[in-house]
Amino acid sequence: MRAERYAFAEAEPKWQKIWDENQVFAAGGAAGKPKYYVLEMFPYPSGRIHMGHVRNYAMGDVIARYMRAKGHDVLHPMGWDAFGLPAENAAMGSKTHPADWTFANIAAMRAQLQSMGLSLDWSREIATCDPAYYKHQQKLFLDFLRAGLVDRKQSRVNWDPVDQTVLANEQVIDGRGWRSGALIEQRELTQWFLRITKYSDDLLNGLDQLDRWPEKVRLMQRNWIGRSEGVSVRFQLAAPAEGALPADAARDIEVFTTRADTLFGAKFIALSPDHPLARQLAERNLALAAFAQECRHGGAAAAEIETAEKKGFDTGLEVVHPFDPDWRLPVYVANFILMEYGTGAIFGCPAHDQRDLDFSRRYGLGATPVVCPDGVDPLSLVVEDAAFEGEGRLINSRFLDGLTVAEAKEDVARRLEHTELAGRPQGERKINYKLRDWGISRQRYWGCPIPIIHCEACGPVPVPDGDLPVELPADVEFGQPGNPLDRHPAWKHVACPKCGGAARRETDTMDTFVDSSWYYARFADPHNPDAPASRATLDRWLPVDQYIGGVEHAILHLLYARFFARAMRDTGHGGVAEPFAGLFTQGMVVHETYRSPSGDWVAPADVRFEPGETGRRALLRADGTEVAIGPIEKMSKSKRNTVDPDEIIGSYGADTARLFVLSDSPPDRDVIWSEEGVQGAWRFVQRLWRLAGELGNIAAPAGAAPPATFKDAALELRKATHRAIASVSENIERLRFNSAIARIREFANELTAALGDVEAPDADADLAFAFREAADALIRLIAPMTPHVAEECWSDLGHAGLVATAAWPQVDAMLVAREMISLPVQVNGKKRGEIVVAHDAGEEAVRAEALKQDGVLRAMEGKPVKKFILVPKRIVNVVV
RNA sequence: GCGGACGUGGCGAAACUGGUAGACGCAAGGGACUUAAAAUCCCUCGGGCUCAUCCCCAUGCGGGUUCGAUUCCCGCCGUCCGCACCA
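Now for a description of the structure that goes with this document. Think of each chain on its own: its residues are numbered from 1, step by step along the sequence as written. Numbering of ligands from 1 and lettering of chains from A proceed in the order in which they are written. Totals for whole chains, interfaces and linings use all residues, but because this is a predicted model, local features are given only for residues with pLDDT of at least 70 and pairs of side-chain atoms are given and counted only at 80 or more. Each side-chain value is worked out from all heavy atoms of the structure, with water and hydrogens disregarded.

**Section: the overall build of chain A**
Heads up, the rule is: Secondary structure elements are taken from DSSP: a helix is a run of H or I of four residues or more, a strand is a run of E of two residues or more, and numbering for both begins at the N terminus. Residues count as neighbours in contact if any of their non-hydrogen atoms are within 4.5 Å of one another. All accessible areas in this document rest on Shrake-Rupley with a 1.4 Å probe, and a residue is counted as covered only by the protein chains that are shown. The sign given to each residue is positive for Lys and Arg and negative for Asp and Glu; His and the chain ends receive no count. Charged side chains are reduced to one point each, which is NZ for Lys, CZ for Arg, CG for Asp and CD for Glu.
Secondary structure summary: chain A contains 27 helices and 39 strands in total. By principal-axis analysis of the C-alpha atoms, chain A measures approximately 110 × 85 × 65 Å. At a minimum sequence separation of 6, the contacts of chain A that also span at least 24 residues come to 71%. Summed over its atoms, the accessible surface of chain A is roughly 39,900 Å², and 50% of this surface lies on carbon and sulfur atoms. Side chains of chain A give 102 positive and 122 negative charges; the mean places of these two sets differ by 2 Å.

**Regarding the packing of aromatic side chains**
Where we set the bar: Note on aromatic pairs: the rings of Phe, Tyr and Trp (six-membered ring only in Trp) are paired at centre separations within 6.5 Å, and the planes decide the class, stacked below 30 degrees, edge-to-face beyond 60, tilted for the rest. Burial classes: relative accessible area under 20% of the type maximum marks a residue as buried, over 50% as exposed, and values in between as partly exposed (1.4 Å probe, protein chains only).
Tallying each qualifying case throughout the model produces 37 aromatic pairs. Ring plane angle 70 degrees and centroid distance 6.3 Å describe the contact between Phe 144 and Phe 563, whose orientation is recorded as edge-to-face. One end of the pair, Phe 144, is in helix α5 (residues 131-146); the other, Phe 563, is in helix α17 (residues 556-570), and 419 residues separate them in sequence. Note on accessibility: Phe 144 and Phe 563 belong to one class, buried. Residues Tyr 199 and Phe 563 carry aromatic rings whose centres are separated by 5.6 Å and whose planes lie at 70 degrees to one another, so their mutual orientation is edge-to-face. Here Phe 563 lies in helix α17 and Tyr 199 lies in the loop between β9 (185-194) and α6 (200-206), a separation of 364 residues in the sequence.

**Some remarks on the side chain of Asp 655**
Our working definition: Salt bridge criterion: a side-chain nitrogen from Lys or Arg within 4 Å of a carboxyl oxygen from Asp or Glu.
By the secondary structure assignment, Asp 655 is in helix α19 (residues 654-662). Arg 658 provides the closest opposite charge to the buried, unpaired Asp 655, separated from it by 4.8 Å.

**Let's talk about the pairing of strand β36 (residues 820-827)**
Stated formally: Strand pairing follows a simple DSSP-based rule, namely that at least 2 bridges must link the two strands.
The pairing of β36 with strand β37 (residues 830-838) spans eight bridges and is antiparallel. By the bridge assignment, Val 827 is partnered in β37 with Lys 830. Hairpin connection between β36 and β37: a loop of two residues separates the two successive antiparallel strands, and Asn 828 in this loop has a positive phi of roughly 50 degrees. Where β36 and strand β39 (residues 875-879) come together, three bridges link them in parallel fashion. In the sheet register, Val 827 faces β39, and the bridge partner there is Val 878.

**Some thoughts on the pattern of salt bridges**
In the structure shown here, the tally under the stated rule is 44 salt bridges. For the salt bridge of Asp 437 with Lys 153, the shortest nitrogen-to-oxygen distance reads 3.0 Å. Of this pair, Asp 437 sits in the loop between β20 (427-432) and β21 (438-439) while Lys 153 sits in strand β5 (residues 150-160), and the two are 284 residues apart along the sequence. When its relative accessible area of 30% is taken as the criterion, Lys 153 is described as partly exposed. One salt-bridge network, held together by shared partners, links Asp 202, Arg 562, Arg 566, Arg 569, Asp 570 and Glu 578.

In structure tokens, the structure reads:
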């Protein structure tokens with residue numbers, strides 16, 4: 001006897017155990033099947049999963065289960081992005097060792113993920129903080145070093161003198177450290193870099209092949225790489241005032257420009273405050289030094305800088321125009337010039353660059369138009385508030401007059417290449433990239449040690465391969481500023497591997513983005529002691545067929561992983577250049593916010609609702625105080641609008657939670673978490689179970705042979721079934737999980753209606769077969785989303801095996817095609833009727849039928865037909 | 001400032017390459033069952049006119065292309081996201 005209700009609390013652990021015992025989700029079992037690799041971005045082990053994880057992993061699981069049912073050997077692994085700052089912060093706060101804290105968190109989160117019933121191959125689990133993992137990362141680093149892909153150079157960082165640490169731009173607020181409040185210093189540190197710029201063009205061109213990536217992400221990467229073609233031009237300094245510059249200062253200023261055509265519109269030169277010449281000048285000019293200092297204190301973020309006022313400092317120096325020895329341009333130091341891009345210096349052409357125009361207006365430097373748009377009289381051309389950045393022909397430019405922009409660029413480049421200045425060509429064509437090398441040095445404990453030993457005599461020496469991994473020492477102390485590795489003499493002081501002399505280890509560890517740049521490859525062969533992964537396993541599994549994660553990783557993580565794939569290939573480790581063939585970026589889980597009268601954030605669990613005069617009112621559960629309903633925002637601890645997946649799974653079950661995060665919103669858009677929505681998902685899970693029971697009562701036995709013929713009722717039911725299979729399959733393949741679920745619900749509605757039409761329990765054999773087919777299809781269609789209840793129903797329907805290993809239902813194309821179709825009939829583009837005709841009815845038949853309709857005749861008002869449009873199987877339009 | 005995306009009922013949304021706008025769900029209202037409640041089931045549900053049908057209006061706003069536009073083009077308005085002044 002079946003219970004009244006589906007008891008998820010017993011069923012879910014039961015099926016999880018059965019899946020586990022039967023190794024249903026182990027990859028690599030079936031050599032004959034095509035492979036499919038589905039990967040979700042692995043989590044940082046913060047200690048608890050959040051709803052974003054639930055959504056991310058539910059989506060990946062639908063794909064994994066669907067592909068398995070479609071006959072693929074599916075790799076669907078899970079691991080932990082386990083290095084990072086929170087572990088060190090926790091160590092300082094609670095005196096737990098980062099390793100203990102991390103592994104405890106991993107255990108807790110693993111249990112949570114397992115309670116979701118994800119079809120993961122847990123035998124491949126990895127953690128990046130495991131020496132067995134980072135050993136290979138250190139080897140990769142050394143291989144990259146040997147291949148010339150590693151560099152060591154100075155770079156400027158934000159140094160917090162109190163915390164003795166380096167801060168990101170966003171951690172510097174008004175020139176002070178976010179935690180210590182100390183004034184931040186700009187410091188030059190020697191750091192390790194991965195030479196990602198060696199692959200600039202390759203990374204850019206590779207984007208064209210990634211046709212299963214969102215266009216948005218490809219565009220972001222393109223802009224980030226930022227290839228631009230231009231000319232590098234040297235401007236000779238006019239004799240400077242006595243004593244303004246040291247004797248060894250450069251005698252010219254090199255600028256990079258993509259608009260060499262506008263050289264005759266130049267009005268000034270602007271240098272970055274960090275330009276070498278600006279620094280030399282500042283040493284002898286206190287006012288300039290103060291100005292440069294002020295520039296460095298402003299916000300470092302682009303949006304801040306771009307909305308900030310453009311400011312400059314006139315150095316008093318002048319340069320000579322390259323095409324006119326008598327033409328002088330003033331040299332400014334300006335706050336909007338970045339040392340990191342190009343040469344850290346520009347020439348300003350106010351008429352054709354908005355920023356230059358803004359700057360020129362402020363300092364009265366003028367603006368001469370040199371490009372005239374086609375069809376405009378050059379004499380009428382006046383530069384007002386908007387610079388003209390478009391195409392046209394050159395004017396006011398001597399020998400360039402009349403040329404197009406492209407021709408003028410070419411002409412200028414050629415002339416400058418053939419002009420000598422101080423023994424070199426004055427200009428040369430250059431391709432510039434925004435992309436900069438990837439600095440990976442971090443002054444932290446909880447990261448992968450950089451396997452280098454510094455020797456006074458030999459310089460930086462790689463740790464011999466046989467000595468890898470360089471393991472982090474366990475006995476470290478936190479609570480003091482600075483890096484614990486730096487204070488660990490026994491670990492730090494070692495003999496030089498080359499000369500045997502006294503030496504010290506590199507105490508910087510790697511950026512955690514390094515850890516996540518190759519983990520997808522490790523999953524192919526996660527326990528290999530000798531290599532990141534064997535050639536054979538990489539050949540088998542790469543690339544990842546479908547990668548799923550947050551759009552916040554659209555640039556850095558994905559670009560770094562693409563770089564690693566190339567670097568691994570080029571250092572003989574194998575694999576493919578593009579690690580992720582398909583990419584999907586999912587939306588966030590968001591929730592309403594609530595605030596008490598005192599302004600404190602209130603958690604959703606503490607709020608109840610009742611209808612009010614203007615919609616809902618929210619009241620505090622504890623004492624009924626009204627709380628304000630705020631905007632819907634990303635779930636965050638600070639706003640207390642989080643919902644704990646554990647609690648949801650505990651009270652509704654994993655299937656309900658999974659169903660909810662997949663329903664309603666398209667997966668790339670945000671989904672609003674609501675209690676009502678969860679209830680709706682819960683109701684459907686229950687309804688599904690009841691429906692399966694009712695269908696089981698009337699259906700033919702599992703595996704029954706089809707009868708020879710089907711009467712109308714059975715035929716209609718079969719058609720509904722096969723149409724549902726076709727559209728659910730299509731929606732899953734398009735990753736439209738919300739539409740797939742809507743279609744399944746519609747199918748469930750159709751089945752409920754069909755059941756209602758059956759009068760006797762001993763239905764005809766053809767109908768019994770149709771119900772069996774429908775029930776089996778329904779359960780298999782929903783199984784990727786709600787796998788536990790699906791197993792329960794599958795078993796109740798009399799199947800011996802697991803739905804997790806059942807094949808996806810096959811569509812019978814004959815049943816999907818419709819013989820009679822209904823066609824809307826429009827008159828002058830407005831719907832006035834509907835006709836039912838054979839799907840292959842000819843135009844004459846359709847026309848005759850359409851012109852018989854009352855509504856159509858009425859709308860035609862007796863006018864003759866001017867045009868008759870028939871879009872086969874779509875619509876009819878009568879134009880009168 | 002630059003770049004990108006998005007604006008459809010009370011709400012989340014659907015509508016594949018231009019072809020019946022609002023599937024599916026949430027909320028709401030009404031009803032059945034019940035001693036009552038929960039659960040479940042049935043009905044209504046964009047706006048206007050209407051008993052109802054017909055009809056009219058409606059996919060942010062204003063134009064355009066088309067037999068036909070939520071979909072394509074131009075111009076506005078609004079919201080969200082990313083950013084390193086891209087020289």
